[in-house]
Amino acid sequence: MSEFLTTAVDAALLAGRLLRENFEKPLEVDAMHAHDIKLELDRRTQRLIEDHILARHPSHAILGEEGVTEGTSDCEWIIDPLDGTVNYFYGVPHFATTIAVRRNNELLAGVVHDPMRDETWTVEAGGPALLNGRKIEVSARTELSECIISMGVSKTVDTIDSTLPAFNHAIRQVKKMRMLGSAALDIAYVATGRLDAYLEGTISLWDIAAGLLLVPAAGGTVDLQPHPDNPNKFRITATSGQADFASLFPR
């Protein structure tokens, strides 16, 4: 592994250990929203990741869900310390830490780590997609009727209202639809062939940055579109590229 990927993996494993140790234990809630939760543990986990990265790369910048750190380098680390906070809070063991690094907006490496299943996806620009060191590929299924699709729903009534018609349209044509609660893991599952596609209409870069490298490296496709009303949000469709997903998710 490159120095950057080694740093990302080491940081993700440290974060995963902290999350695993605190799973199903009393948690301090920073904010409780209608469709989201913010935990003190989110902030603590990001600090752990930041400290590890900046100890090795002190001039680098940090773009994280729990805060931003300016740097003097042209390298920036994109971090979601706990993707799937609501799952975590409710004791659902489906969540991940995800870290990516880019230079001048070009992604160089990424990692998605599931501490409960001890699964770590890694990728470098131009290299293969790996799960625990083993090369992975997207699903070869070509018929929509055999595909499993996951959709993410964001945290506002507007995004819920805009997602449900697409869900209703797709569920009638595929084997199963899922809403699993962790975008990072959903995208990693597409790269692994467990899911055939993932769609979310409003998502932040830190949830998906590693997946933007991971899915194409595994043979799939990613369509990323800036959100028309918010330049910091995106619409993402990540698929195996093997079935007619365009008929399911028209732009």
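The structure we're discussing is the one just above.
Bear in mind the structure is a predicted one, so any value in this text is a computation, not a measurement. Numbering of residues starts from 1 in each chain and follows the order in which that chain's sequence is written. Only residues with pLDDT of 70 or above have their local features reported here, since the model is predicted, and side-chain atom pairs are shown and tallied only from 80 upward, although totals for entire chains, interfaces and linings are computed over all residues. Each side-chain value is derived from all of the structure's non-hydrogen atoms; neither hydrogens nor water enter the calculation.

Colleague: Explain the overall build of the protein to me, using residue names and the numbers behind them.
Modeller: By definition, any uninterrupted DSSP run of H or I lasting at least four residues is a helix, any uninterrupted run of E lasting at least two residues is a strand, and each is numbered from the N terminus. Counting secondary structure elements, the protein contains 7 helices and 15 strands. Scaling as 2.2 N^0.38, a compact globule of 251 residues should have a C-alpha radius of gyration of about 18 Å, and the protein matches this with 17 Å. Dimensions of the protein, computed from the C-alpha atoms along their principal axes, are close to 50 × 40 × 35 Å. Remark: exposure states derive from per-residue accessible area (1.4 Å probe, protein chains only) relative to the maximum for the residue type, with buried under 20%, exposed over 50%, and partly exposed in between. Relative to its full complement of 251 residues, the protein shows a buried share of 51%. Any two residues whose heavy atoms approach within 4.5 Å are treated as being in contact. Partitioning the intrachain contacts of the protein with sequence separation of at least 6 by distance along the chain shows that 61% fall at a separation of at least 24. Surface accessibility of the protein: about 11300 Å² in total, with carbon and sulfur atoms responsible for 50%. A residue counts as positive if it is Lys or Arg and as negative if it is Asp or Glu; His and the chain ends are not included. Charged side chains are reduced to one point each, which is NZ for Lys, CZ for Arg, CG for Asp and CD for Glu. Charge separation in the protein, taken as the distance between the mean sites of 23 positive and 35 negative side-chain charges, equals 5 Å. For a compact globule the rule gives 2.2 Å times the number of residues to the power 0.38, and the radius of gyration it is set against comes from C-alpha atoms. Note on areas: Shrake-Rupley with a 1.4 Å probe; residue coverage comes only from the protein chains shown.

Colleague: Talk me through the pairing of strand E11 (residues 148-152); I want residue IDs and the actual numbers.
Modeller: Among the 5 residues that make up E11, 4 are buried, leaving the element largely enclosed by the rest of the structure. Pairing between strands requires that DSSP locate at least two bridges from one strand to the other. Of the strand pairs in this sheet, E11 and strand E12 (residues 176-178) are connected by 3 bridges, and their pairing is parallel. Looking at the pairing, Ile-149 lines up with Met-177 of E12. Relative to strand E13 (residues 197-204), E11 runs parallel, the two being bridged by 4 bridges. In the sheet register, Ile-149 faces E13, and the bridge partner there is Ala-197.

Colleague: Let's hear about the sheet that holds strand E7 (residues 106-114): which residues, and what values?
Modeller: Here 8 strands make up an open sheet; going across it, the order is E4-E3-E5-E6-E7-E8-E9-E10 and the pairing mixed. Edge positions in the open sheet fall to strand E4 (67-69) and strand E10 (134-135), since each of these has one partner strand only. Pairing analysis gives 6 bridges linking E7 to strand E8 (residues 119-124), with the strands arranged antiparallel. Bridged to His-113 within E8 is Thr-120. A fitted line through C-alpha atoms serves as each axis, taken over the contacting stretch for helices, and the angle formed by two N-to-C directions is quoted from 0 to 180°. The strands touched by helix H6 (residues 205-217) are strand E3 (61-64), strand E5 (75-83), strand E6 (96-103), E7 and E8; relative to E7, the strand with the most contacts, the crossing angle is about 100°.

Colleague: Help me get a handle on unusual backbone geometry, residues and values and all.
Modeller: The backbone of Glu-24 shows a phi angle near 60°, a positive value even though the residue is not glycine. Summarising the element assignment, Glu-24 is placed in the loop between helix H1 (3-22) and strand E1 (29-32). According to the relative accessible area criterion, Glu-24 is exposed, its value standing at 63%.

Colleague: If you had to explain the pairing of E3 to someone new, which residues and values would you point to?
Modeller: In E3, alternate side chains face the same way, and those of Ala-61 and Leu-63 on one face and Ile-62 and Gly-64 on the other are all buried. As judged from the 3 bridges shared by E3 and E4, these two strands associate in the antiparallel manner. Bridge assignment links Gly-64 to a residue of E4, and that residue is Gly-67. Linking E3 back to E4 in an antiparallel pair, the connection comprises 2 residues.

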